Structures are given as structure tokens and as C-alpha cells.
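Coordinate inspection notes
Single-letter residue listing:
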Amino acid sequence: MPGNRNSARLGGLAVHRQPGGPAWCEECVHDVGLYWLQTLGCPKNQVDSDKLEGYLHAQGYGPASDPRDAELVVVNTCAFIEAARQESIEAILHLADRRAAGARLVVTGCMAERYGDELHAALPEVDLVAGFGRDVTASSATRTAPTPVPVSIGPGRLDPEAPQAAAAHDFDLLQLPRPAARAPWAYVKVAEGCDRICGFCAIPSFRGKQRSRSPEDILAEVDALRTPADGAPPLREIVLVAQDLASYGRDRTGPGRSVRIANGPSPIASLTRAVSMRVERTRLLYLYPSGLTDELIETILHTGVPYFDLSLQHVARPLLARMRRWGDGERFLRRIADIRAADSDATFRSSFILGYPGETERDHDQLLQFLEDAQLDWAGFFPFSNEDGTHAAGLADQVPPELALERLRECAELQDAITAAKRDRLIGAVRRVLVDAPGRGRTPHEAPEIDGIVHLPPHLPVGSLVDVRITGAEGPDLRGVPAGDRGVAPVGVGASSA
């Protein structure tokens, strides 16, 4: 068992352990065959963990109620930015201290793929570093995968003759079995990887190029999720996710794959329409702004969930050019105005980077003015993270971190006030709410786990759709009561009858 070790470094981060070594239980694991899985990062990682859970169940494992009861402890990590990596390291060390004697600690996900041997050298507590394409239950005799393997989804853009391509098919992450849904909503990942070259992002370096799943596979997964586990509520909402959702299907050309006809229907729009015929709510996350076509806008509005999650990152054209991204504030405002003209209830979320190399005070002022003009419902702000191997890592005019944080605070303060005012304006309105959990639900304006919630009377059945009158607002959250007996669609009512 590992004892107290000196600090190490990983990906530019310090790895500090608590003195005295891990506080493990002195007895062996009693419940052989139990696993504990902790997920960090974005909804796409959550889908990966769902797949891993389905695989572990198929291998005979069951979920543990506490990591100290598990034979297998798995951490699905995030490596997007420095803060995410630090959180992943802290989670690994925490679970290393909590696991029982004899339990195996496995690290998978983005950090495992991005750092591999470096991760294992810095964290000798870990029994197996399982990059993409590596079975998390595999023997730890070779403690890292011999060759990094991009996430596989069947015949894709890997060289079929390459040994790593063959290895990937042995553990096809997106095609692994998935456990039945236990909530009235679920994420569904439609593609893996990304073809864009954004200056700040290292994801393509370890997730690979975009590889879209077939519509048939995606719809089959949706249909399977609609059959709930015993005692679980019906599935009401599907949230489609990918690194570049608007580009879904553009890579599916060649033998045995569908070829998009010039000026034909958008693959993501076609998929969205098909999913919306199966569930009451279909939501799309992470849309690159240039991919927001008229067809896609019309499709989203027709789903009844007019929610637009646009990956803008900034609005100053010179800075966006340095980021290797499309667009500018004027284009974004025009698109937002057009959508609102079509549906005044349209909801907008975006994210922005503060302190990207070369960002000037004028750029920052443009962003503040954009936030004032755009009146987004939701926005997230992140300080620039200097990622090794990215275009931005070598750029001049790096912005001091303190200045980036100061700019971030200015934006967040402005946006918080905008969000609170928009929530206040909903008081008195009636909105259709999906009850996610006792006493908690969401209108179409809120994405799960990201935005605010609606506090409800606790007796409303989980999985029901309820017409709710909004009675109050507390920052991002709302309070509401049923608008009347006819406003409740009971558990068991399907998409065709709601």
C-alpha cells in the first residue's frame, strides 16, 4: 500500500498529498464485485460514465453505496482546463485515501488519455490508467494503455489497418450497453471528437477528429432509454450533446455511410426532428454559431424547447480571429434578434473566455456592451487556461491572470443582474414544468444540471409535466405552484399524448 509520498507535478500542476498516507480501512473489501464511479467534467463525460456503468453491470459488478465498500473505484476525469485537471487530481487522491484495502483504483477519461504514463508516474496510488479504448476492468500488469486510442464508435476515421484502430474496436465506448434511465431526462452523445482548430482548446488532440454516430444507433439508444428501470419515472427529455453538435453527420461520407446531398437536409436538424417524435422535450447543447442555420433554428423552435446554447467565447472580431473562431458581436446580435422575432420565449445560453492572449480593454468593453445588448438568459465565464500544445500557448501578449479574473468578475456581475431580472419577469407567468425530483423541476428555459431550477410542492410526481404558475424568483431559481388540476400530465403519459 502506498504511504506518504513527496509532492509531484502533472501537466504543470502540483500534486500534494495529505501527510500520513492514505486512511484506508484495515479490513479487506467485503462486497466483491461492487464498483464506485465518480464523474467529473461536462455532460459528455456523464454519457461516457453511463456507458461504463452499463458495461460494469454486464460484467457482473453492482454499484456500491460508498467508495469504501467497492472492489473497483473508477474516476472519469476531465482535462479541459487547469481548474478541471486540479479537481480531477484532488478527486483521485481523495478516493485513494477512502478506498478499502485491496480495492483497485482506476483513472479513465480525458486526463488518462492526455497524460498516460505521466499521470501514473505522478500518482502511483493509481492501479490502472485506462485511456480511451482501454477496458477499466483490465489487468493492471501494464499500468497504462500501450498506445493512446481515440474514442471509437465503430468504422470511423481511424486507419483500419492501424493496431490502435483494432484495439479501439475491442472496447467501443459509445457503443457499450447503457443502463436504463432513472431520471425523467437523459443526455445522449451523438458524436465524438472535433474537427475545429480553436486556439485555446486541446480536446482534438486527445478526443480525435469528429466521428458521428449513425442516426439509427442514436435513435435505438433513445428508444432503449424510454423503457425505464423498475420504479423509475418515464423519460420526458433527451439532451443531445457533442463537442460540435451543429456539425453532426458531416463526417459520415464514404462506403457504407450516408452521403449528404448538396443543399439537402441538415443531419443535426433531421436527427433532432426524429428524436422530438419520441419524447416531449428535445434539447441541444453546444452549438457553434456558424452552424446555426435557418433550418436548424426552425427545427429547434418546433420542438417546443426554444433553447439555444451558443458557443460564442467572445465578441471582438480581432480577438476571435486570434482564437481561430468565426463571427463577431454584430453577427451574433442579429442572429439572436431574428430568433426572438420568431419566438419571444427563446432562451439563450453562452460561455465566454476572459484573458485570452491579446485581449485589450477595448475588446473587454465590447464584450460588456454585448452582454447588455444581448440580454442572454444564462452565461458562463472562464479565465483563459494556457494549454500545452494549443495555438494560444505560444501567443504573445499574455494577459496577467489577475486582470483576467477582474474582467471575469465584471462580466459575471453584469450577467447575474440580467439573469435575475429576466427571472423576475417570469413571476405570474404559467410555464410547463418537468418534475425532475421531489420538489424540483424545470421549464423549457432551464437545461438540467446547468441552469436554475423551479422549486415545487413536494407531492408532485417525479416525471410528470405540470402547468405551473411562477410565484417567486430567487436569483437563478424560481418558485411555483400548479396552475390547476388540468395542468398535470400524469406519470405514464407518453410523447404522443402529452
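Notes on the structure in this doc start here. (Residues numbered from 1 in each chain as written. Predicted model: local features only at pLDDT ≥ 70, side-chain atom pairs only at ≥ 80, totals over all residues. Heavy atoms only, no water.)

**Notes on the overall build of the protein**
Looking only at helices and strands, the protein features 13 helices and 23 strands. Looking at the protein residue by residue over its 498 residues, the buried ones come to 55%. Residue pairs at least 24 apart in sequence account for 70% of intrachain contacts in the protein once pairs closer than 6 positions are excluded. When the accessible surface of the protein is summed, it comes to about 21200 Å², and 51% of that surface belongs to carbon and sulfur atoms. (Helix = DSSP H or I, 4+ residues; strand = E, 2+ residues; numbered from the N terminus. Buried < 20%, exposed > 50% of the residue type's maximum accessible area, 1.4 Å probe, protein only. Contact = heavy atoms within 4.5 Å. Areas by Shrake-Rupley, 256 points an atom, 1.4 Å probe, with all protein chains shown as cover.)

**Observations concerning the sheet that holds strand β5 (residues 62-63)**
Through backbone hydrogen bonds, the strands of a sheet pair up, either in parallel or in antiparallel fashion. Spatial ordering of the open sheet is given by β5-β4-β6-β8-β9, a layout of 5 strands whose pairing is parallel. Strands with a single pairing partner mark the edges of an open sheet, and in this sheet they are β5 and β9 (128-130). Examined bridge by bridge, strand β8 (residues 104-109) and β9 share 3 bridges and lie parallel to one another. Residue pairing for β9: Val106 is matched across the bridge by Leu128. (Pairing = 2+ DSSP bridges.)

**Quick word on the packing of aromatic side chains**
Evaluation of the coordinates by the stated rule reveals 8 aromatic pairs. Ring geometry for Trp326 and Phe332: centres 6.2 Å apart, planes at 50°, overall tilted. Between Phe352 and Phe381, the ring centres sit 5.7 Å apart and the planes meet at 20°, which makes this aromatic pair stacked. With a gap of 29 residues between them, Phe352 in strand β16 (residues 347-354) and Phe381 in strand β17 (residues 378-383) connect regions that are remote in the sequence. For the pair shown, Phe352 and Phe381 are each scored as buried. Within the aromatic cluster, the residues linked to one another by ring pairs are Trp326, Phe332, Phe352, Phe370 and Phe381. The lysine or arginine in question, Arg196, covers the ring of Tyr288, its NZ or CZ lying 3.5 Å from the ring centre. (Phe/Tyr/Trp six-rings, centres within 6.5 Å; stacked < 30°, edge-to-face > 60°. Lys NZ or Arg CZ within 6 Å of the ring centre and 35° of its normal.)

**Let's talk about the side chain of Arg407**
Within the fold, Arg407 resides in helix α13 (residues 401-424). In this structure Arg407 comes out as buried when scored by relative accessible area, which is 3%. Of the polar contacts made by the side chain of Arg407, one reaches the side chain of Glu359; its length is 2.8 Å. The residues contacting Arg407, other than those within four sequence positions of it, are Leu354, Glu359, Thr360, Glu361, His364 and Val399. (Polar contact = N/O pair within 3.5 Å; in protein donor to acceptor, adjacent residues only side chain to side chain.)

**Things to note about the pairing of strand β18 (residues 430-437)**
Where burial is concerned, most of β18 is hidden: 6 out of the 8 residues are buried. As judged from the 5 bridges shared by β18 and strand β21 (residues 465-474), these two strands associate in the antiparallel manner. Note on β21: the bridge partner recorded for Arg431 is Val468. Sheet topology note: the β18/strand β19 (residues 440-442) ladder contains 3 bridges and is antiparallel. Within β19, the residue paired with Val435 across the bridge is Gly441. Linking β18 back to β19 in an antiparallel pair, the connection comprises 2 residues, with Gly439 at a positive phi of about 80°.

**Focus: the sheet that holds strand β14 (residues 281-284)**
Judged by pairing direction, the sheet is parallel, and its 3 strands sit side by side in the order β10-β13-β14 without closing on themselves. Either end of the sheet is taken by a strand with one partner, and the two such strands are β10 (185-189) and β14. Sheet twist, expressed as the mean angle between neighbouring strand axes with direction ignored, is 25°. Of the strand pairs in this sheet, β10 and strand β13 (residues 237-241) are connected by 5 bridges, and their pairing is parallel. (Axes fitted to C-alpha atoms, helices over the stretch in contact; angles between N-to-C directions.)

**Side note on the pattern of salt bridges**
Counting across every chain of the model gives 26 salt bridges. Between Arg479 and Glu474 there is a salt bridge, and its shortest N-O distance comes to 2.9 Å. For Arg479, a relative accessible area of 37% gives the class partly exposed. It is possible to trace a salt-bridge network through shared partners that takes in Glu237, Arg281, Arg283, Asp436 and Arg442. (Salt bridge = Lys/Arg side-chain N within 4 Å of Asp/Glu carboxyl O.)

**Side note on the pairing of β14**
Going residue by residue along β14, you find Arg281 and Arg283 tucked away on one face and Thr282 and Leu284 tucked away on the opposite face as well. Bridge count between β13 and β14: 4 bridges; the pairing is parallel. Along β14, the bridge assignment pairs Val239 with Arg283.

**Here we look at a negative patch on the surface**
Negative charge collects at one region of the surface, where Asp365, Glu406, Glu410, Glu413 and Asp416 lie side by side. Broken down by element, the negative patch gets its largest block of residues, 4 residues, from α13. With respect to the helices, strands and loops of the structure, Glu413 is situated in helix α13. Under the relative-accessibility criterion, Glu413 is labelled exposed at 62%. (Patch = residues over 30% accessible without salt bridge, like charges linked within 9 Å, V, L, I, M, F, W, Y side chains within 5 Å. Lys, Arg positive; Asp, Glu negative; His and termini not counted. Charge placed at Lys NZ, Arg CZ, Asp CG, Glu CD.)

**Comments concerning the packing of helix α8 (residues 267-276) against helix α9 (residues 294-302)**
Relative to each other, α8 and α9 sit at 10°, their axes nearing to 9 Å. Regarding the angle of α8 to α9, the classification is roughly parallel. The hand of the α8/α9 crossing is left-handed. Across from Ile268, Ala269, Thr272 and Arg273 in α8, the residues of α9 making contact are Glu295, Leu296 and Thr299. (Parallel < 35°, antiparallel > 145°, perpendicular 65-115°, else oblique. Left-handed = near helix turned anticlockwise from the far one by under 90°.)

**Considering α8**
Helical geometry note: an α-helix holds 3.6 residues per turn, so side chains three or four residues apart project in the same direction. Burial of α8 is extensive: 7 of the 10 residues sit out of reach of the surface. Every buried residue of α8 is accounted for by Pro267, Ile268, Ala269, Leu271, Thr272, Ala274 and Val275. Turning to α8, the residues buried within the fold contact α7 (215-225), β13, β14 and α9.

**Some details on unusual backbone geometry**
Despite not being glycine, Tyr286 shows a phi value in the positive range, around 75°. One non-glycine residue, Gln313, lies in positive phi territory at about 75°. Residue Gln313 is classed as buried on the basis of its relative accessible area of 8%.

**Structural notes on helix α1 (residues 43-58)**
Here α1 spans 23 Å end to end across 16 residues, near enough to the 22 Å set by a 1.5 Å rise per residue. Of all the 16 residues making up α1, 12 are buried; the element is thus mostly covered by neighbouring parts of the structure. Where α1 is concerned, the buried positions are Pro43, Lys44, Asn45, Val47, Asp48, Ser49, Asp50, Lys51, Leu52, Gly54, Tyr55 and Leu56. Of the residues flanking the end of α1, it is Gly60, one or two places downstream, whose phi is positive at about 100°. (Expected span 1.5 Å × (residues − 1).)

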